[in-house]
Amino acid sequence: MELRERGWSIRAAAREVGVSRTAGNNWVRGYKTYRGGQVVGFVPALERLVVRQISSRFLSQDERIEIADLHLQGLSVREIGRRVGRAASTVSRELRRNATAGGGYGPFDAHRLATARRARHHRCRLETHDPLRVAVAELLEQRWSPQQISRHLRRHYPDDRLMWLCHESIYKAIYRPGSPFRRPSRLAPQYRTPLRTGRDHRRAQQREDRRRPRFQQPMLTIHQRPFPPADRTVAGHWEGDLIIGREQRSAIGTLVERQTRLVRLLHLPQRDGDTLLQVMSKRLADLPPGLLRSITWDQGTEMARHLAISQSLGAPVFFCDSHSPWQRGSNENTNGLLRDYFPKGTDLSSHSAEHLLAVETELNQRPRIILDDRSPAELFQALLASKNPSVLRR
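An account of the accompanying structure is given in this report. Computed from a predicted structure; not experimentally measured. (Residues numbered from 1 in each chain as written. Predicted model: local features only at pLDDT ≥ 70, side-chain atom pairs only at ≥ 80, totals over all residues. Heavy atoms only, no water.)

1. Describing the nonpolar core
The nonpolar side chains of a soluble globular protein tend to be buried, and buried together. Counted only if it meets this: The definition of a nonpolar core used throughout is a set of buried Ala, Val, Leu, Ile, Met, Phe, Trp, Tyr and Cys residues joined through side-chain atoms within 4.5 Å. Burial classification: accessible surface area is computed with a 1.4 Å probe over protein chains only, and a residue below 20% of its type maximum counts as buried, one above 50% as exposed, and the rest as partly exposed. Secondary structure elements follow DSSP: runs of H or I of four or more residues count as helices, runs of E of two or more count as strands, with numbering from the N terminus. Working rule for contacts: check all heavy atoms of both residues, and any pair within 4.5 Å makes them a contact.
Ranked by internal contacts, the top residues of the largest apolar core, which has 26 residues, are Met280 and Ile295. Residue assignment for this core shows that the elements contributing at least two residues are β4 (237–244), β5 (251–257), α13 (273–283), β7 (294–297), α14 (306–313), β8 (317–319) and α17 (376–385). Dropping the residues within four chain positions of it, isoleucine 295 is found in contact with Trp238, Leu255, Met280, Leu284, Leu313, Pro316, Val317 and Phe318.

2. Considerations on the packing of aromatic side chains
As a reminder, the rule being used: Between 30 and 60 degrees the pair is tilted, below 30 it is stacked and above 60 it is edge-to-face, where a pair is any two Phe, Tyr or Trp rings, Trp via its six-membered ring, whose centres lie within 6.5 Å.
Enumeration over the complete set of coordinates arrives at three aromatic pairs. When the centroid spacing of 6.0 Å and the interplanar angle of 20° are considered together, the rings of tyrosine 171 and tyrosine 175 count as stacked. With tyrosine 171 and tyrosine 175 both in helix α12 (residues 167–175) and four residues apart, this pair spans about one turn of that helix. What makes tyrosine 171 buried here is its relative accessible area of 18%. Overall, the relative accessible area of 14% leaves tyrosine 175 in the buried class. Between tyrosine 341 and phenylalanine 342, the ring centres sit 6.4 Å apart and the planes meet at 50°, which makes this aromatic pair tilted.

3. Describing helix α10 (residues 130–141)
Where we set the bar: Working rule for helices: expected span equals 1.5 Å times residues minus one.
Taking 1.5 Å as the rise per residue, α10 with 12 residues should run 16 Å; its terminal C-alpha atoms sit 16 Å apart, in good agreement. Leu132, Ala135, Val136, Ala137, Leu139 and Leu140 are the residues of α10 that are buried. In the stretch just after α10, arginine 143 is the one whose phi turns positive, near 65°.

4. Considerations on the pattern of salt bridges
Let me state the cut-off plainly: Definition used for salt bridges: Asp or Glu carboxyl oxygen within 4 Å of a side-chain nitrogen of Lys or Arg.
One pass over the structure, following the stated rule, counts 13 salt bridges. In this structure, arginine 86 and glutamate 63 form a salt bridge, with 3.0 Å as the shortest nitrogen-oxygen distance. Here the residue arginine 86 occupies a position in the loop between α6 (77–84) and α7 (88–97), and glutamate 63 occupies one in helix α5 (residues 61–72), the gap between them amounting to 23 residues. The buried category is assigned to arginine 86, whose relative accessible area is 18%. Accessibility expressed as a relative area gives 17% for glutamate 63, which makes it buried. Residues arginine 83 and glutamate 79 are paired through a salt bridge, measuring 3.0 Å at the closest nitrogen-oxygen approach. Residue arginine 83 and its partner glutamate 79 are both found in helix α6; the two are separated by four residues, about one turn of the helix. Overall, arginine 83 belongs to the partly exposed group, its relative accessible area being 44%.

5. Topic: empty space enclosed by the protein
For the record, the criterion: The way it works is a 1 Å grid over only the protein atoms, where trapped points that fit a 1.4 Å probe form a cavity and open points with protein on both sides within 12 Å along at least five of seven lines form a pocket, and then any residue with an atom within 4 Å of a point lines it. Grid points are joined across faces, edges and corners, and a volume is the space filled by probe spheres set on the points. Following the grouping adopted for this structure description, the nonpolar residues are Ala, Val, Leu, Ile, Met, Phe, Trp, Tyr, Cys and Pro, the charged ones are Asp, Glu, Lys and Arg, and the polar ones are all others, Gly among them.
If you walk through the whole model with that rule in mind, you get one cavity of 30 Å³ or more. Considering only enclosed or pocket space, the largest cavity measures out at about 70 Å³ in volume. Lining the largest cavity are Ala137, Leu140, Glu141, Pro180, Phe181, Arg183, Pro184, Ser185 and Pro194. Split into classes, the residues belonging to the lining of the largest cavity amount to six nonpolar, one polar and two charged.

6. Some words on the sheet that holds β8
Here is the rule: Strand pairing requires that DSSP identify at least two bridges connecting the strands.
The six strands lie next to each other as β3-β8-β7-β4-β5-β6, forming an open sheet whose pairing is mixed. A single partner strand is all that each edge strand has here, and the edge strands are β3 (220–221) and β6 (263–267). Direction of pairing for β4 relative to β5: antiparallel, over a ladder of seven bridges. From the neighbouring strand, tryptophan 238 faces β5, where its bridge partner is glutamate 257.

7. Re the environment of isoleucine 174
Along the chain, isoleucine 174 falls in helix α12. The class of isoleucine 174 is buried, set by a relative accessible area of 0%. Between the C-alpha atoms of isoleucine 174 and histidine 201, which are 27 residues apart in sequence, the distance is 8.4 Å. Apart from residues lying up to four places away in sequence, isoleucine 174 is in contact with Leu140, Ser179, Phe181, Arg182, Pro194 and Leu195.

None of this, on its own, says anything about what the molecule does.
In structure tokens:
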């Protein structure tokens, strides 16, 4: 429940504490109980204050159970207090304040009553200050972001600090269940909330040091590469990825040389690490060392054998950051061109290796404006014939 308060999703919080997603859903939302196929009851969701660890000066649920057992045995308040380790006044007050309607004492009901009394609803300024609430609601209706609203309030009310509000308070007000601010905009009714993202809850956040590595084997990141993504002065550095077919059951590997934009396609009968290792090693074996200096790939599972690929080709494999396609700009652009030949939602396994070679040749012979209307094949051939293939004069 503490992780949920921080904005974690149920799945992420359940994984963090080591329980199933079903158990996490049951704890957060409650669940129905069945008998003979019929609903016979409902177990409510866990209360945040019930499961939170509290100070030892408050009675715990276990202590209330012990008090109930001793009280049923007819022991005096002083004796119960001595056995439980609490003052007699504490036991007396507990039996009096949390008694049931019939005058008895139930430990679980008593614990729920005590928890309910501990809960305090702190009203935020948007609830108590009407002018501020109206101003924020009007700007949210115009689809202003919370940051824009916060800056606007400070600029237009420089002397009235009650009209100041940080953007985080606005986000909290929107994400609160039953919030009056969570309604669609009049001009953009397709979104459930006034936020431009359309989001009605926080995204789960996880610290970088808690994220599990993609591969068990140590991997080199793009930040360890000796040049930035925009630097193309040295030839022989390649970018790679897969284009995926229908239902993710087929794939074609794509490799692009960063300086010349030369394309090489990989015919992959299967989408796994062993197949990629075998095909890539064979496809790049004809390149001289000066034209095979490194390979940059995304963090797809097909690159699980990246250490074997590095050893086979004699070139390190660098991995891009998650959700950062701009770090492989040439490859992403080329994949867009290849979709003319291999449309999305089609079965890519139907294309033979010969067909891939024909597409590769056609694309490499096409002139590019970025190359001064020369073709990638022309420039790459010049590098092969050069005594210093790492640098190409233009």
